[in-house]
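Summary of structural features
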Amino acid sequence: GDGAHVPVLVIGTGYGGSVAALRLAQAGVDVQMIEMGMAWDTPGSDGKIFCNTTAPDYRSYWLRTKTKQPLSNFFGIPIDKDIPRYTGILDAEDFSGITVYQGRGVGGGSLVNGGMAVTPKRENFGAILPSVNPDEMYNTYYPRANAGLGSGLIDPAWFDTVDCYQFARVGRKQAQRSGFPFEFVPDVYDWDYMKQEAAGTVPKSAVAGEILYGNNYGKKSLQKTYLAQAKSTGRVTISPLHRVTSVSPGSGGYTVVIEQLNTSGDVTATKTVTSAKVFFAAGSVGTSKLLVKLKATGALPNLNGEIGRGWGDNGNVMCGRANYLWDPTGKVQASIPCGGIDNWNAGGAFAEVAPLPTGIETYASFYLSITKNPNRGTFSWNPAAGRVDLDWQTAWKQASIDMAKTIFDKINATEGTIYRTDLFGVYKIWNDTLTYHPLGGAVLNKATDNYGRLYGYPGLYVIDGSLIPGNTSVNPFVTITALAERNIEKIIAADLT
Ligand code: FDA
């Protein structure tokens, strides 16, 4: 409530925030979590909490009046549609040159993402987090993160036969025919549940194409893992539809200003809470925007010059390929990816073989590539507009396209096939204007010390994707979780006893 004092306040309920809350609670500390999105625990009038990818409704987008689907076109025809403005689950946040997709709600990105739980190859770790000891990460914190998240591999024998992974078998066959290794990657989806979906014995989620706007069954989002465990300690309270707007030094630690929202996004109340310790876990964009604003507007003037810097898009770029009629990818496609094509060290690209769950046969292969794009953006305060801007340029994605082409030009040459040009516009091969994987903005050992303590303000911490300088070489949430596990262990031992 307004005027309350809490020992620890956590801003955001994604991976970093959930790890912090669980471990602090287990150490005997009471934690208050603030989440701008909804709780996502109550079914709508259709009996479902989440809407389907093929039928986005009011629940789909964060305060938009039209959907902004990553696949915007089909046969060149725009497929976005009008929706009522609502505090929906997926935020497509527009900056100049890039749209950053993020989850909104209790569970953060885990609500909307594909659940691919990928630990980077150890040989690549030095480039991801140069100041972190890889032995500690690979011996202790990656295993701890994967256990906490519930990562698991698809049963390869089932994969080989089931209809809903035909698209991935085509992806594997074509990768291998061009000499690229196809690798199964773990996911947090409950694979036993998916087997039952495919057999028709339980309600369908992945096999019904649910993804992007939430999975009603099967996906082990943070609500079912870290946050469930955190709540069961009895020490963690979560306030959904509450957005932090300010943190500044005050009596007893820090004064935190919080706006309460209704489902139209209007502010219905403003509250002030004091807390001895505050963890920024609002995600790369959320944490960066808050810190840049608070430094520039005088609430936290002593933050250093690294705030807002080192932001990257994990090199995300999407494309589709057109297959021949003898290589159908399947009418029914599981929405959960289970494998990728690794050309990281030779060509700078790791491509996720992604589903295109449209419910009809498309003969398309679809990929989200993660590439070694070297470009980095900076967030800065725009006083005239009263907002934080990002200086990213769409042209910076050319590096990613070139790296992704090291895989797909070769596959097209081997197969005698071509790129799809109808999925992102009219005659547009690449979706080069989005990222699913924002990283950086408050980089470890630069804006913070080597454990996420913000320089200049004892008791303020960063514990989310903003610590990672722009690239993880694979999908990022396992690394975000493992780094949070490492940092919170140190913080509990050193700062809370
Ligand atoms: P995260 O974004 O998860 O959480 C931040 C939370 O803070 C959000 O809930 C937000 O609403 C809240 N917040 C922000 N500002 C606030 C404020 N001022 N006050 C209160 N609350 C605030 N990764 C992966 O490894 N495998 C995958 O398969 C995928 N797939 C994927 C698909 C799609 C569509 C998306 C959008 C993303 C992915 N990702 C992914 C990326 C992954 O989801 C992402 O990297 C993590 O969720 C980031 O974790 P964080 O803890 O940094 O923040």
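Position numbers for residues start from 1 in each chain and track the written sequence from start to end. Totals for whole chains, interfaces and linings use every residue, but because this is a predicted model, local features are given only for residues with pLDDT of at least 70 and side-chain atom pairs only at 80 or more, for both listing and counting.

By the naming in an unreviewed UniProt entry, the protein chain goes by Cholesterol oxidase and is assigned to Streptomyces mauvecolor. Of the protein chain, the UniProt comment under Pathway (unreviewed entry) reads exactly: "Steroid metabolism; cholesterol degradation." Reading the Cofactor (unreviewed entry) entry of the UniProt record for the protein chain gives the comment "FAD". UniProt positions are given in the numbering used here, feature names are shortened, and annotations may be inferred rather than shown by experiment.

Here, nearness is defined through the C-beta atom: a residue counts as near a molecule or strand if that backbone-placed atom lies within 6 Å of it. Surveying the vicinity of the ligand reveals 39 residues, the closest of which are Gly12, Gly14, Gly108, Gly109 and Gly283. Each helix is a run of DSSP H or I of at least 4 residues and each strand a run of E of at least 2, with the numbering of both proceeding from the N terminus. Elements supplying a minimum of two residues to the shell around the ligand: helix 1 (15–26), strand 6 (98–103), strand 9 (242–250), helix 8 (283–296) and helix 11 (477–495). Tallying contributions element by element places helix 8 first for the shell around the ligand, with 4 residues. Three categories are distinguished: nonpolar for Ala, Val, Leu, Ile, Met, Phe, Trp, Tyr, Cys and Pro, charged for Asp, Glu, Lys and Arg, and polar for the others, with Gly belonging to the last. Class assignment for the residues of the shell around the ligand results in 16 nonpolar, 19 polar and 4 charged.

Looking now at the packing of helix 1 against helix 11. Note on definitions: angles span 0 to 180 degrees between N-to-C directions of axes, and those axes are lines fitted to C-alpha atoms, for helices only across the stretch in contact. With their axes 9 Å apart at the nearest point, helix 1 and helix 11 run at an angle of 35° to one another. Read as a crossing pair, helix 1 and helix 11 show a hand that is right-handed. In this structure, helix 1 contributes Tyr15, Gly16, Val19, Ala20, Arg23 and Leu24 to the contact, and helix 11 contributes Phe477, Ile480, Thr481, Ala484, Glu485, Ile488, Glu489 and Ile492. Considering only residue class, the contact of helix 1 with helix 11 consists of 9 nonpolar, 2 polar and 3 charged. The sense of a crossing depends on the near helix, which, turned anticlockwise from the far helix by less than a right angle, makes the crossing left-handed and, turned clockwise, makes it right-handed. Once C-beta atoms are placed from the backbone, any two residues with those atoms within 7 Å are in contact.

Another point: the packing of helix 3 (residues 134–149) against helix 11. Remark: helix 3 packs on helix 11, axes separated minimally by 8 Å, with the N-to-C direction vectors making an angle of 115°. By the angle class used here, helix 3 and helix 11 are roughly perpendicular. Between helix 3 and helix 11 lies a crossing whose hand is right-handed. Here Glu136, Met137, Tyr141, Tyr142, Arg144, Ala145, Asn146, Gly148 and Leu149 of helix 3 lie close against helix 11, whose contacting residues are Val478, Thr481, Ala482, Glu485 and Arg486. Across the contact of helix 3 with helix 11, the residue classes break down as 7 nonpolar, 3 polar and 4 charged. Working rule for angles: under 35 degrees goes down as roughly parallel, over 145 as roughly antiparallel, 65 to 115 as roughly perpendicular, anything else as oblique.

For the rest of this paragraph, the subject is the UniProt feature "domain: Glucose-methanol-choline oxidoreductase C-terminal" (unreviewed entry) in the protein chain. UniProt records the feature "domain: Glucose-methanol-choline oxidoreductase C-terminal" (unreviewed entry) at residues 435–484, using the numbering of this structure. Overall, residues 435–484 shows 16% helix and 8% strand. The separation of its end C-alpha atoms is 22 Å.

For the rest of this paragraph, the subject is unusual backbone geometry. One non-glycine residue, Tyr363, lies in positive phi territory at about 55°. Topologically, Tyr363 is positioned in the loop between strand 14 (349–354) and strand 15 (364–371). Counts of 20 or more other C-beta atoms within 10 Å of a residue's own C-beta define buried residues, counts of 12 or fewer define exposed ones, and intermediate counts define partly exposed ones; C-beta atoms are placed from the backbone. C-beta crowding within 10 Å serves as the criterion here: with 18 such atoms nearby, Tyr363 is assigned to the partly exposed category. Positive phi is not limited to glycine here, since Tyr427 has a value of about 50°. By the element assignment, Tyr427 lies in the loop between strand 18 (418–419) and strand 19 (430–431).

A few words on the sheet that holds strand 5 (residues 90–95). Any two strands are treated as partners once DSSP identifies two or more bridges connecting them. Pairing is mixed in the open sheet, where 3 strands are placed in the order 5-6-20. Of all the strands in the sheet, the pair left with one neighbour each is strand 5 and strand 20 (434–435). Sheet analysis places strand 6 next to strand 20, joined by 2 bridges and oriented parallel. If you follow Thr99 over to strand 20, its bridge partner there is Leu434.

Side-chain positions along a regular strand alternate between the two faces of the sheet. Taking burial as the measure, the 6 residues of strand 6 include 5 buried ones, the bulk of the element. Sheet analysis places strand 5 next to strand 6, joined by 6 bridges and oriented antiparallel. Within strand 6, the position partnered with Phe95 by the bridge is Ile98.

Turning next to helix 8. Note: α-helices contain 3.6 residues per turn, so residues at a spacing of three or four share the same orientation. For a helix, the expected span equals 1.5 Å multiplied by the number of residues minus one. Counted at 1.5 Å a residue, the expected span for helix 8 with its 14 residues is 20 Å, and the 20 Å between its end C-alpha atoms agrees. With 13 of 14 residues buried, helix 8 is to be regarded as a mostly interior element. Gly298 lies just past helix 8 and shows a positive phi near 95°.

Turning to the environment of Thr225, a few remarks are in order. Relative to the assigned elements, Thr225 resides in the loop between helix 6 (191–199) and helix 7 (226–232). Along the sequence, Thr225 and Asp80 sit 145 residues apart, while their C-alpha atoms lie 33 Å from each other.

What follows deals with the environment of Val118. Among the secondary structure elements, Val118 is positioned in the loop between strand 6 and helix 2 (125–128). For the pair Val118 and Thr472, spaced 354 residues apart in the sequence, the C-alpha separation amounts to 9.8 Å. Residue contacts for Val118: discarding those within four places in its chain leaves Val185, Pro186, Val474, Asn475 and Val478.

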